[in-house]
Amino acid sequence: MAQHPKDVVITDEHPKSLLFEKHAEYIVGYSKKKNDFEYTMTEHFRMSGIYWGITAIDLLGQLDSMDSGEIIAFIKSCQDTTSGGVAPSLNHDPHILYTLSAVQILTILDSLDTLDIEGIVKYIASLQKSDGSFAGDKWGEVDTRFSFCAVACLALLKRLDAINVDKAIEFVMCCQNVDGGFGTRPGSESHAGQIYCCVGLLSITGRLHLVNADLLGWWLCERQLPSGGLNGRPEKLPDVCYSWWVLASLTMLGRLHWINADKMKTFIFATQIQQAFGDKAMGTTDKAVVQLLQRCHTLVESEARSGRPSTSRNEIITNQLRTLIMQDHQIIIRELADEDPETGGFTDRPGDVVDLYHTLFGLAGLSLLGEESLKMINPVFCMPQYTLDRIKVSAQVLST
């Protein structure tokens, strides 16, 4: 049978079960590599990165392995004393996305009293527009993601009274399309991530009856490809993050059983990195890239020793490398170092590079599908269910 043009191939060499300990090692190790290039370059969304890591490690039952004191102190330092909002990192502007992440983290750590809660409430309320929508920050961009962030954050703080909830719902319903889905703003195309945000807002506010659950559920279940993976909209490649956005939405709508769960698990397991190094892990293009990197490294070293400036030889090799990368969008550039051949973490799809974002949503998707080795995840707030039980916050979920 021909392969779907927008899908991936899963073979017997891909992992077939959860690499539990490897994922815990990856998350804890990531939090300690503060001098790494990757850590430095992700400063602009660090607060969300901490949320992904904290939630993932908690689902694995190893929250105690994280330095909660350091995390709490960092979050406190990121709250803007003027607006009340929380920034992604020091010396950045506050934003509603990172404000929600901070509240989620501190809810999990049972340390909400660290922040100026009234300041956060004031900040979120100030971002609501007259049409009920929410801006992400003082610069004014409007997106249904921000509507969800506002309502989710205030629900966790039990302060939904601070905003016009009816207008927020009205705006979200204006973003619904004829296919049952939701977009970023009125008239925008349906997207699984936006659907999660809009359905989540309606779940928190108890208005899921406004949605045609069968129509939207059908659109969502059509996101599953032959590999078992899900895409975010038609004609796109599967991505493990949609194991959360799509499955959580279906769970809220009481339609999770419309997905082929076994194939879904197969895809999620395949996005784990098991063999990051060695010939078996490298395709032909990967090996060619490594050889080019080694040659370029040798030339740079030799010319540095000789005191001569870089020559066109390096430019030729760099252009060859760029051509190879463009020829294969799934290429993996691996570090040229002796490391454990098995690493933790999840990728967007089999063969790519791991990151915290996809690691959380891979684990969260498995939790929704009943993976017994993981804690139960709440489908609305993307937090371990026990934390919502502890603070007595719930949301509407339709029956199957």
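Look up a bit, the structure's there.
Cut-off values and rules
- Residues numbered from 1 in each chain as written.
- Predicted model: local features only at pLDDT ≥ 70, side-chain atom pairs only at ≥ 80, totals over all residues.
- Heavy atoms only, no water.
- Salt bridge = Lys/Arg side-chain N within 4 Å of Asp/Glu carboxyl O.
- Helix = DSSP H or I, 4+ residues; strand = E, 2+ residues; numbered from the N terminus.
- Buried < 20%, exposed > 50% of the residue type's maximum accessible area, 1.4 Å probe, protein only.
- Polar contact = N/O pair within 3.5 Å; in protein donor to acceptor, adjacent residues only side chain to side chain.
- Contact = heavy atoms within 4.5 Å.
- Disulfide = S-S within 2.5 Å.
- Core = buried A, V, L, I, M, F, W, Y, C linked by side-chain atoms within 4.5 Å.
- Phe/Tyr/Trp six-rings, centres within 6.5 Å; stacked < 30°, edge-to-face > 60°.
- Lys NZ or Arg CZ within 6 Å of the ring centre and 35° of its normal.
- Axes fitted to C-alpha atoms, helices over the stretch in contact; angles between N-to-C directions.
- Parallel < 35°, antiparallel > 145°, perpendicular 65-115°, else oblique.
- Left-handed = near helix turned anticlockwise from the far one by under 90°.
- Nonpolar A, V, L, I, M, F, W, Y, C, P; charged D, E, K, R; others polar.

(A) Quick peek at the pattern of salt bridges. Applying the stated rule across the entire model yields 13 salt bridges. Salt-bridge contacts for R255 lead to D214; the nearest nitrogen and oxygen are separated by 2.8 Å. Of the two residues, R255 sits in the loop between helix 11 (242-252) and helix 12 (261-270) while D214 sits in helix 10 (residues 213-221), which places them 41 residues apart along the sequence. Judged by its relative accessible area of 13%, R255 falls in the buried class.

(B) Molecular detail of the side chain of S188. Note that S188 resides in the loop between helix 8 (165-174) and helix 9 (192-204). Here T184 takes part through its side chain, which lies 3.1 Å from a polar atom of the side chain of S188. Apart from the residues lying within four places of it in its own chain, the contact partners of S188 are N177 and G183.

(C) Highlighting helix 11. Counting buried positions along helix 11 gives 11 out of 11 residues, so the element sits mostly inside the fold. Every buried residue of helix 11 is accounted for by Y242, S243, W244, W245, V246, L247, A248, S249, L250, T251 and M252. Those residues of helix 11 hidden inside the fold are in contact with helix 9, helix 10, helix 12 and helix 15 (356-368). One or two residues past the end of helix 11 sits G254, with phi positive at roughly 70°.

(D) Expanded view of the state of the cysteines. Throughout the structure, instances matching the rule amount to zero disulfides. In this structure C174 is a free cysteine whose sulfur lies 6.7 Å from that of C175, the closest cysteine sulfur available. Judged by its relative accessible area of 46%, C174 falls in the partly exposed class. Cysteine C175 remains unbridged, with the sulfur of C198 as its closest cysteine sulfur at 5.8 Å. For C175, a relative accessible area of 0% puts it in the buried group.

(E) Structural context of the nonpolar core. If you look at the biggest cluster of nonpolar residues, it comprises 113 residues, and the most contacted ones within it are W244 and F381. Considering each element in turn, this core owes the most residues, 10 residues, to helix 7 (residues 144-156). Dropping the residues within four chain positions of it, F381 is found in contact with Y51, Q104, A152, A155, L156, Y196, I204, L388, V393 and A395.

(F) Structural view of the packing of aromatic side chains. Using the criterion set out here, one finds eight aromatic pairs in the structure. Ring centres of Y357 and F361 lie 4.9 Å apart, and the angle between their planes is 80°; on these two criteria the pair is classed as edge-to-face. Placement of both Y357 and F361 in helix 15 is noted, with a separation of four residues, approximately one turn of the helix. F361 sits in the buried class, given a relative accessible area of 3%. Through a chain of ring-to-ring contacts, three or more aromatic side chains come together here, namely F45, W52, F148, Y196, W244, W245, Y357 and F361. The ring of Y39 is capped by R46, whose NZ or CZ atom sits 3.7 Å from the centre of that ring. Taking the ring centre of W219 as reference, the NZ or CZ of R223 above it sits at 4.5 Å.

(G) Representation of the packing of helix 3 (residues 46-59) against helix 4 (residues 68-78) in the model. Here helix 3 crosses helix 4 at 150°, and the two axes come no closer than 11 Å. Put simply, helix 3 runs roughly antiparallel to helix 4. When the axes of helix 3 and helix 4 are compared, the crossing they make is left-handed. When helix 3 is examined against helix 4, the residues R46, M47, I50 and I54 are found in contact with a partner set consisting of I71, F74, I75 and C78. In the contact of helix 3 with helix 4, the residues fall into seven nonpolar, no polar and one charged.

(H) Up close: unusual backbone geometry. If you check the backbone angles, N91 has positive phi at about 65° while not being a glycine. Residue placement: N91 occurs in the loop between helix 4 and helix 5 (96-108). Of note, C382 is a non-glycine position whose phi angle comes to about 50°, a positive value. Within the secondary structure, C382 sits in the loop between helix 15 and helix 16 (385-391). Owing to a relative accessible area of 2%, C382 belongs among the buried residues under this scheme.

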